[in-house]
Amino acid sequence: MTMHCRQMTPALGAEITGVDITDLDNQTFDAIYESFNKHSVVVIRDQHLTPEQHVAFSRRFGKLMIHVLKDELLEEHPEIYKLSNVVKDGKAQGRPNAGQYWHSDLTYEETPSKGSVMHALEVPESGGDTMFSHTAAAYEGLSDAMKAFLEEKTAIHEFRHAYEKFTKRIPGTVPIPEEAFAARPPVEHPVIRTHPETGRKCLFVNPGFTVRIKELSFDESDAVLEHLYRHMTKPQYFYRHSWQTRDVVLWDNRSLMHCAVGDYAPEQRRHMHRTTIMDSDAV
Ligand code: SIN
């Protein structure tokens, strides 16, 4: 097999074909890793993974994080977070409607995430796409005055924020236990972070988990964040992934936000497994 990499947009996204990620030599893995850093979203088609193989591939990128929603973890492999609207024998097979707002995974953690690896086990006939926006390209598109203003600013992130602001409004949302919120109190991260591998500066705020910019008044913070979110989701910073069964998509949480599109009919099954890699450079 020969690996082939096709860039999908100038700002982000690449599709890799001709690899079996369960059987990668170091040279091919290094080429995928390079593509992950360069393109931020890497789509690898037609991968038949067991949960063990999914975890083993993800571990090649770094230490894995365990999601705070314990009921949504795969029993034998808690590194896998199940996102699913499938119900089997009356039991939900994962969290439905997850991530249907712009966010980067796990920015509410003290040590945030490097990236995520999602395996599509079942996808709707149409709909259920994931949208990605590039936070380094968006940073580079700001004026010098705005870049200087944001330097040294700090953002507060909290897990509860996404639930209160977005998820609980979606019909059929399963309530999140108070213990999960209590286990993840607010944390602080710089508004601008330098990507440790590319050296590019990235905006590190997102509508899901960013509560406010600490140094500003509430009103000022709302206005600045609203401006940044409008800017970050401009089409030139954007890639929309339409899933095929057996896709594996890696994305870089240091240089992207993403949003799952909840437009599919409830009887259309969408069943995904995701691992989340720790950003050990941020420790
Ligand atoms: C997520 O990881 O936040 C959800 C992505 C998706 O289900 O498309």
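As a reminder, the structure under discussion sits directly above these lines.
1. Observations concerning the pattern of salt bridges
A pair can form between side chains of opposite charge whenever their charged atoms are brought close.
Then, number 1: Within the structure shown, the criterion is met by 19 salt bridges.
Then, number 2: The shortest N-O distance in the salt bridge between Arg 6 and Glu 15 comes to 3.4 Å.
Then, number 3: With a shortest N-O distance of 2.8 Å, Arg 45 and Glu 15 are connected by a salt bridge. Note that Arg 45 is positioned in the loop between β3 (41–44) and α2 (51–59) and Glu 15 in strand β2 (residues 14–17), a separation of 30 residues in sequence.
Then, number 4: Here Glu 15 falls in the buried class, since its relative accessible area comes to 14%.
Then, number 5: Here the salt bridges do not stand alone but share partners, grouping Arg 6, Glu 15, Arg 45 and Asp 247 into one network.

2. Some details on the packing of aromatic side chains
Then, number 1: In total, this model carries 16 aromatic pairs according to the counting rule given.
Then, number 2: Pairing Tyr 101 with Phe 166 gives two aromatic rings, centres 5.4 Å apart and planes at 10°, and the pair type is stacked. Remark: Phe 166 occurs in the loop between α5 (159–165) and α6 (178–183) and Tyr 101 occurs in the loop between β8 (91–92) and β9 (113–122); sequence separation between them is 65 residues.
Then, number 3: Note on Tyr 101: relative accessible area 10%, which makes it buried.
Then, number 4: On the basis of an interplanar angle of 20° and a centroid distance of 6.3 Å, the ring pair of Phe 132 and Tyr 239 is categorised as stacked. Of this pair, Phe 132 sits in strand β10 (residues 130–134) while Tyr 239 sits in strand β16 (residues 238–241), placing them 107 residues apart in sequence. Grouping residues by exposure puts Phe 132 and Tyr 239 together as buried.
Then, number 5: An aromatic cluster is present here, built from Tyr 101, Tyr 108, Phe 159, Tyr 163, Phe 166, Phe 181 and Phe 209 joined pairwise through their rings.
Then, number 6: Sitting over the face of the ring of Phe 149, Lys 153 holds its NZ or CZ atom 4.5 Å from the ring centroid.
Then, number 7: We note Arg 212 situated over the ring of Phe 218; from NZ or CZ to the ring centre the distance is 4.0 Å.

The rules behind each value
Residues numbered from 1 in each chain as written. Predicted model: local features only at pLDDT ≥ 70, side-chain atom pairs only at ≥ 80, totals over all residues. Heavy atoms only, no water. Salt bridge = Lys/Arg side-chain N within 4 Å of Asp/Glu carboxyl O. Helix = DSSP H or I, 4+ residues; strand = E, 2+ residues; numbered from the N terminus. Buried < 20%, exposed > 50% of the residue type's maximum accessible area, 1.4 Å probe, protein only. Phe/Tyr/Trp six-rings, centres within 6.5 Å; stacked < 30°, edge-to-face > 60°. Lys NZ or Arg CZ within 6 Å of the ring centre and 35° of its normal.

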